[in-house]
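Each chain, written out:
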Amino acid sequence: MSTRRLILMRHATAARGTGRDFDRPLTDDGRDEARRVGERLRALEQAPTHVLSSSARRCQETWDAVAAGLGAAGPADAAVDRSDALYDASAGELFESIRDWRDATEGTLLVLAHNPGISLLALELGRGDERDALRLRDGFAPATVAVFAVACPWSGLIPGSIRLLRFERAPRAPEKTE
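What you see is a predicted model; the values in this text were computed from it and never measured.

What counts and how
Residues numbered from 1 in each chain as written. Predicted model: local features only at pLDDT ≥ 70, side-chain atom pairs only at ≥ 80, totals over all residues. Heavy atoms only, no water. Pairing = 2+ DSSP bridges. Helix = DSSP H or I, 4+ residues; strand = E, 2+ residues; numbered from the N terminus. Axes fitted to C-alpha atoms, helices over the stretch in contact; angles between N-to-C directions. Contact = heavy atoms within 4.5 Å.

With that settled, the discussion passes to the sheet that holds strand β1 (residues 4–10). Taken in spatial order, the 6 strands of this open sheet run β3-β2-β4-β1-β5-β6, and their pairing is mixed. For this open sheet the edge positions go to β3 (79–83) and β6 (163–168), each flanked by a neighbour on one side alone. In this sheet, adjacent strand axes meet at a mean angle of 15° when their direction is disregarded. In this sheet, strand β5 (residues 145–150) lies alongside β1 in antiparallel orientation, the contact comprising 6 bridges. Across the sheet, Arg 4 pairs through a bridge with Val 150, a residue of β5. Packing of helix α4 (residues 117–125) onto the sheet brings it into contact with β1, β4 (108–113) and β5, and relative to β1 it is tilted by some 145°.

Here it is, written out as structure tokens:
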């Protein structure tokens, strides 16, 4: 069985106080963060083949910007499943969504959701290694990603059974020179 990859990502920076929480858009900085995450995933050859995303506007806009950053290396035909159930989901609910993913599915699964669920899930999954747990304890700022290697079927996933490969906050914007 080839190794699967799991990428947990928190949405990029969203606007505040713009009406209903579910409908909050990304800020311009948030769109830039998400695009840079896509560029970084492309450079690391970690383009997702499948996406499970909260249906909240900020998650949809985050994925659109990540996909733009992935460019030609990106999954033009990636299966994107948007779910109302991932909006404000707990770590346990996110975990069950991953375990329920189609077992025959190989490749890289990106789960795009919200805090505190996404950061608590990463911490729980990384608890098998003390160093990983320490790295993940700081939580997920907007546009943070954790990439895990998964050597079992999705349904066999248990906390501590996978290995953290990367944990990165959104890449910084290039310095502006005058």
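Here we come to the side chain of Thr 108. On the secondary structure map, Thr 108 appears in strand β4. With residues near it in sequence (within four places) discarded, Thr 108 still touches Arg 5, Ile 7, Gln 46, Ala 47, Pro 48, Thr 49 and His 50.

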